[in-house]
Every structure is written in structure tokens, then in C-alpha cells.
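Inside the fold
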Amino acid sequence: MSIAIAFTAAALFGIGTYLVLQRKLSRIIIGLGLLTHGANVLLIGAGKNGIEPLIGDSPLSTMADPLPHALALTAIVITFGVSALLLAMAFRSWILTNDDEVENDAADVLVATSSAPSRE
């Protein structure tokens, strides 16, 4: 794998992680897309360049590994489903509140602020 591909994947992971940690659902969706693009860049970069494995009578050492490509396709399909779900949630949030900010859950705030029960 070349250094340029590694740096590209690292940049996609870094920016994607920063965006996923934001409070706006639109930024979370974009961050998830960048994270999965980074994963796909790593998977495709990890695959060895070579001749297609199903065509020709080449020796095994010159053929490309099809597994990273299959994993990248699977990641694309999973990302599409998760993105569709998050877009539906963002649309519903926009319809209800005219904003796509992720709010704190009341039960989570109660658990975080309450002290642990003492055992005496």
C-alpha cells in the first residue's frame, strides 16, 4: 500500500471521527460517510494489484486477492442502509423540531447526575 493511500485513509478517519462527535445529525451523517470511505480506501489499498483471479491461466502469485473488494462492497451496502436510517431520523427531527440537533436523553441525564446507591 502506498503512503499516499495511507495518509488519505488517515485523513478521512480523522475528519470523519471529528464530525461523528458533533451534536448535529447532518454532521454525524457526513462523518459516517467519511469514516466508511476511509475504510473502503484501506480495504482496496490492502488488496494486491494483479490480474483478475477468474480470468486467464496465470500463476497464483500474480493474481489479485478478491476478498478486500468483496469486503468493500459489503461495507458500501451496510453504509447505505445506515445512512438511509440516519437520514430518516434527521428528517423526522427536522419535521418535529425544525432542527437536527441530538438532544440529551432525560433518563441518561438522571443516571449521570444521580449518585451511586450506598451499600451499608
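In this report, the structure presented in the accompanying data block is examined.

Scoring rules and cut-offs
Residues numbered from 1 in each chain as written. Predicted model: local features only at pLDDT ≥ 70, side-chain atom pairs only at ≥ 80, totals over all residues. Heavy atoms only, no water. 1 Å grid on protein atoms, 1.4 Å probe; cavity = no way out; pocket = protein on both sides within 12 Å on 5 of 7 lines; lining within 4 Å. Points joined across faces, edges and corners; volume = space filled by probe spheres on them. Helix = DSSP H or I, 4+ residues; strand = E, 2+ residues; numbered from the N terminus. Nonpolar A, V, L, I, M, F, W, Y, C, P; charged D, E, K, R; others polar. Polar contact = N/O pair within 3.5 Å; in protein donor to acceptor, adjacent residues only side chain to side chain. Salt bridge = Lys/Arg side-chain N within 4 Å of Asp/Glu carboxyl O.

Brief notes about the layout of surface pockets
Of the voids in this model, the largest pocket is the one considered here, and its volume is about 190 Å³. Every residue lining the largest pocket is listed: Leu25, Met89, Arg92, Ser93, Thr97, Asp99, Asp100, Glu101, Val102 and Glu103. Among the elements that make up the lining of the largest pocket, the one with the highest residue count is helix H3 (residues 67–97) (four residues). Partitioned by chemical class, the residues of the lining of the largest pocket number three nonpolar, two polar and five charged.

Quick word on the side chain of threonine 79
If you trace the backbone, threonine 79 turns up in helix H3. A polar contact of 2.7 Å, which involves the side chain of threonine 79, links it to the backbone oxygen of alanine 75.

Some thoughts on the pattern of salt bridges
The full count for this structure, using the stated rule, is one salt bridge. In this structure, lysine 24 and aspartate 99 form a salt bridge, with 2.8 Å as the shortest nitrogen-oxygen distance. Taken together, the positions of lysine 24 in the loop between helix H1 (3–20) and helix H2 (25–46) and aspartate 99 in the loop between H3 and helix H4 (106–113) put the pair 75 residues apart, joining distant regions of the chain.

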